[in-house]
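Structural features, examined
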Amino acid sequence: MAEHTRSSITIEAAPEAVMAVIADFDRYPEWTGEVKEAEVLGRDDAGRAEQVRLVLDAGAIKDDHTLAYRWIGANEVQWSLVKSQMLRALDGSYALAPVDGGTRTEVTYQLTVDVKIPMLGMIKRKAEKVIIDRALAGLKKRVESDPAPAAAPAVPDDTGTSA
């Protein structure tokens, strides 16, 4: 099993507001730093991105790749690599947990990266840590400074209605 890197941060906003920023791929170049371009290639029946092309410049890792997204309820999204110039694998997730009655959100980001070129495991883990730390800091800053983030698409609940 591949090793992964995980980190968490608490954001001063409800999970819905955090997920709205995470789901707004078109605006990633405005706040992520590493993502230079983002293009949604396909959406599911609920309007959520299923495939996204991203142009990434994360220092040691520069790539043009496509990710497939899987949305799990209203508070988790997972992704995996579809195609890439430089990567063999890029699997990750954001999991949101309400804190203080839902007024704050703990965001846990997990990431596994495997590059096509030879690279020591220690260097890969360091690159993962840098990507995660920058992404979480950027997400926190974006959510907390954006008073009215775009609404996330409605997510069907267990009854089949939108939550």
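Here goes a summary of the coordinates provided. (Residues numbered from 1 in each chain as written. Predicted model: local features only at pLDDT ≥ 70, side-chain atom pairs only at ≥ 80, totals over all residues. Heavy atoms only, no water.)

**A look at the overall build of the chain**
Per the secondary structure count, the chain includes three helices and seven strands. Taken across its 163 residues, the chain has 42% of its residues classed as buried. Partitioning the intrachain contacts of the chain with sequence separation of at least 6 by distance along the chain shows that 47% fall at a separation of at least 24. Accessible surface for the chain amounts to roughly 8,600 Å². Of this, 52% is attributable to carbon and sulfur atoms. (Helix = DSSP H or I, 4+ residues; strand = E, 2+ residues; numbered from the N terminus. Buried < 20%, exposed > 50% of the residue type's maximum accessible area, 1.4 Å probe, protein only. Contact = heavy atoms within 4.5 Å. Areas by Shrake-Rupley, 256 points an atom, 1.4 Å probe, with all protein chains shown as cover.)

**Brief notes about the packing of aromatic side chains**
Throughout the structure, instances matching the rule amount to nine aromatic pairs. Ring geometry for Phe25 versus Tyr69: centroids 4.7 Å apart, planes at 55 degrees, classification tilted. In this pair, Phe25 is assigned in the loop between α1 (15-23) and α2 (28-31) and Tyr69 in strand β4 (residues 61-72), connecting sequence segments 44 residues apart. Each member of the pair, Phe25 as well as Tyr69, carries the same accessibility label: buried. Aromatic side chains Tyr94 and Tyr109 sit 4.6 Å apart centroid to centroid with 45 degrees between the ring planes, which places their arrangement in the tilted category. (Phe/Tyr/Trp six-rings, centres within 6.5 Å; stacked < 30°, edge-to-face > 60°.)

**Considerations on the environment of Glu30**
With respect to the secondary-structure elements, Glu30 resides in helix α2. Measuring from C-alpha to C-alpha, the distance between Glu30 and Gly138 comes to 9.6 Å, with 108 residues separating the pair along the chain. A polar contact is formed between the side chain of Glu30 and the side chain of Arg142, at a distance of 2.6 Å. (Polar contact = N/O pair within 3.5 Å; in protein donor to acceptor, adjacent residues only side chain to side chain.)

**Re empty space enclosed by the protein**
Within the structure shown, the criterion is met by two cavities of 30 Å³ or more. Of the volumes computed, that of the largest cavity is approximately 310 Å³. Val35, Leu54, Leu56, Tyr109 and Ile131 are, among the 23 residues lining the largest cavity, the residues nearest its centre. Those elements that provide at least two residues to the lining of the largest cavity are α2, β3 (49-58), β4, β5 (76-84), β6 (87-99), β7 (104-115) and α3 (121-145). Among the elements that make up the lining of the largest cavity, the one with the highest residue count is β4 (four residues). Of the residues in the lining of the largest cavity, the class split is 20 nonpolar, two polar and one charged. (1 Å grid on protein atoms, 1.4 Å probe; cavity = no way out; pocket = protein on both sides within 12 Å on 5 of 7 lines; lining within 4 Å. Points joined across faces, edges and corners; volume = space filled by probe spheres on them. Nonpolar A, V, L, I, M, F, W, Y, C, P; charged D, E, K, R; others polar.)

**Regarding the nonpolar core**
In terms of nonpolar packing, the biggest core is built from 39 residues, with Val18, Ile22, Tyr69, Trp79, Tyr94, Tyr109 and Leu139 touching the most fellow members. No other element matches α3, which puts six residues into this core. Sequence-distant contacts of Tyr94, that is, excluding residues within four places in its chain, are made with Ile22, Asn75, Glu76, Val77, Trp79, Val107, Thr108, Tyr109, Ala135, Leu136 and Leu139. (Core = buried A, V, L, I, M, F, W, Y, C linked by side-chain atoms within 4.5 Å.)

These figures come from the coordinates and say nothing about function on their own.
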